[in-house]
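# Examination of the molecular architecture
The primary structure of each chain is shown beneath.
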Amino acid sequence: MTKTERNRIQKEIVDSIPRNAQGRLLLAPRVGKTKVMIDIIKRDKPDSILWVTPSAKLAIIDIPKEFETWKAKRYLKKLKIFTWASLNKITGVYDLIVLDEEQFATENNIENLLNGSLKGRILSMTGVPTKHIEKLYLYHRLNLKVLYRLPINEAVEIGLLSNYTIKVVQVPLSNVKNIKAGSKKKAFLTSEVKQYEWLSKVVREAIFQKRADIKFRILNRMRFIKNSLSKLEAAQLLLSKLEGRILLFAGSIKQAEKLCEHTYHSQSDDKKYQMFQKGEIQRIAMVNSGGTGHTYKEIDHLIMVQADSDKNGLTSQKVARTLLAQKDYKATIWIISLVGTQDEKWVDSALDNFDRSKVQYIKLKDLKNGKENRCCFN
């Protein structure tokens, strides 16, 4: 798709939004949500703007730069940008309140919008709509109806996003007894299979008995899945086979640092991130940082070591980092899934935002034996 065609579609979106309207813009990642919002601002000419965004970097650097890029510099003096973490401290009246990545809304951080100490016409936007009933209820309380919807698959069909293939690597739990279990007095070794069975049994019992530790037990099982040695080894295998520029999202900082020499996460600076963006390094591992609101060019492979249920669109946002429309480009996304566990359900839920005909399932043993389509490694 040419720049002219992209601008035309963005203009159609803006023209479809009534002047001074309030509501939600559900626009697929990479469509240009920020530009669309800035174009609405240029059209409606608000005297004061409050823009809420996920990170300090977006607030301090990226969004002001976008206003300059899209010839809206004159609105910077009317603009105040805050992160979602500080929204509950903001009061006053604004002509326009922009909720960037609306899935970050919680009852706590939008408290002042709900009680009326912060007022203004609201436009919210996101690339992947949340599935959380609680958050949908919050949008209802804010009187936010959907003004425009452009899902990922439709954006791919019209050429706004690149075509893609998703390869789900099915990894079995190990029967090797290499996991420490039990107490200090009665410690023993168990396998991934037996440990997952026990963790799931404890979860079921906690739910059935309506115990207070339900969330704790579920989190324990979640941590086990994320830290699975079998998943780690599958990711290492993939990295040994794949070539080119690789963006990897790990389940934890520790896992990211085991998988790749170069990392970018909440405990690092952005030096390696900048090097990757400049093409000075070819591989980088992240966790959540870099997964929303960032653009990457010429990614040969994206590896998702850990998906989530995607209720807030976090997994889809990460996958969409590879979908920037580029000439003669098709994205390849690898998702590692732990067979017979809750992990399979998380992956399946995340895939709901994508075209199932573009999804392939690959058994780990076939990957090891080279029986998977070899063109994937070129």
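To be clear, the structure that these remarks concern was listed above.
Note that the structure is a prediction, hence the values are computed from the model and not measured.

Moving on, we come to the sheet that holds strand 5 (residues 118–126). Read across the sheet, six strands follow the order 3-2-4-5-1-6 without closing on themselves; strand pairing throughout is parallel. Strand pairing shows two members of the sheet lacking a second neighbour, strand 3 (79–83) and strand 6 (146–150), which therefore form its edges. Recorded for the sheet is a direction-independent mean angle of 20° between the axes of neighbouring strands.

This next bit is on the pattern of salt bridges. Taken as a whole and assessed by the stated rule, the structure comprises 17 salt bridges. Here Asp44 and Arg43 are joined by a salt bridge, their closest N and O atoms 2.8 Å apart. Comparing Asp44 with Arg43 shows no difference in burial state: the two are buried. For Asp62, the salt bridge goes to Lys57, with nearest N and O atoms at 3.0 Å. Linked by salt bridges that have partners in common, Arg19, Arg43, Asp44 and Arg121 make up one network.

Within the largest apolar cluster, 61 residues are counted, with the highest numbers of intra-cluster contacts made by Trp51, Phe67, Ile166 and Leu247. Grouped together as the second largest cluster of nonpolar side chains are 34 residues, Ile179, Ile246, Ala256 and Ala285 included.

A few words now on the sheet that holds strand 7 (residues 163–171). Strand order across the open sheet formed by seven strands is 11-12-10-13-14-7-15, with parallel pairing between neighbours. The sheet terminates laterally at strand 11 (263–264) and strand 15 (359–363), the two strands that pair on one side only. Direction of pairing for strand 10 (residues 246–249) relative to strand 12 (residues 283–286): parallel, over a ladder of four bridges. Within the sheet, the bridge partner assigned to Leu248 lies in strand 12 and is Ala285. Together, strand 7, strand 10, strand 12, strand 13 (301–304) and strand 14 (330–338) form the strand contacts of helix 9 (residues 229–241), whose direction differs from that of strand 14 by roughly 155°.

In this section: the packing of helix 1 (residues 3–16) against helix 2 (residues 33–44). Running from N to C, helix 1 and helix 2 cross one another at 55°; their axes reach a closest spacing of 10 Å. Considering the angle they form, helix 1 stands oblique to helix 2. Relative to helix 2, the crossing made by helix 1 is right-handed. Note on element contacts: helix 2 touches helix 1 through Lys35, Val36, Asp39, Ile40 and Arg43, opposite Asn7, Gln10, Ile13, Val14 and Asp15.

For helix 1, spanning 14 residues, the distance from its first C-alpha to its last is 20 Å, which sits close to the expected 20 Å at 1.5 Å a residue. Taken residue by residue, helix 1 has Arg6, Ile9, Gln10, Ile13 and Val14 as its buried positions. Each buried residue of helix 1 sits inside an arc of 140° when the element is viewed along its axis, so together they form one side. Residues of helix 1 that are exposed and point more than 90 degrees away from the buried face comprise Thr4 and Lys11.

With seven of nine residues buried, strand 7 is to be regarded as a mostly interior element. Pairing of strand 7 with strand 14 involves nine bridges; the strand directions are parallel. Each residue of the ladder has a partner; that of Ile166, found in strand 14, is Ile333. Where strand 7 meets strand 15, five bridges bridge the pair, whose relative direction is parallel. Paired with Lys167 across the strands is Gln360, a residue of strand 15.

Right, let's get into the packing of helix 8 (residues 214–226) against helix 13 (residues 342–350). Close contact between helix 8 and helix 13 brings their axes to 10 Å; oriented N to C, the two are set at 80°. On the basis of their axis angle, the class for helix 8 and helix 13 is roughly perpendicular. Along its contact with helix 8, which presents Arg221, Met222 and Ile225, the element helix 13 presents Gln342, Asp343 and Trp346. Residue classes in the contact of helix 8 with helix 13 are distributed as three nonpolar, one polar and two charged.

What counts, and where the lines are drawn
- Residues numbered from 1 in each chain as written.
- Predicted model: local features only at pLDDT ≥ 70, side-chain atom pairs only at ≥ 80, totals over all residues.
- Heavy atoms only, no water.
- Pairing = 2+ DSSP bridges.
- Helix = DSSP H or I, 4+ residues; strand = E, 2+ residues; numbered from the N terminus.
- Axes fitted to C-alpha atoms, helices over the stretch in contact; angles between N-to-C directions.
- Salt bridge = Lys/Arg side-chain N within 4 Å of Asp/Glu carboxyl O.
- Buried < 20%, exposed > 50% of the residue type's maximum accessible area, 1.4 Å probe, protein only.
- Core = buried A, V, L, I, M, F, W, Y, C linked by side-chain atoms within 4.5 Å.
- Contact = heavy atoms within 4.5 Å.
- Parallel < 35°, antiparallel > 145°, perpendicular 65-115°, else oblique.
- Left-handed = near helix turned anticlockwise from the far one by under 90°.
- Expected span 1.5 Å × (residues − 1).
- Arc of directions from axis to C-beta.
- Nonpolar A, V, L, I, M, F, W, Y, C, P; charged D, E, K, R; others polar.

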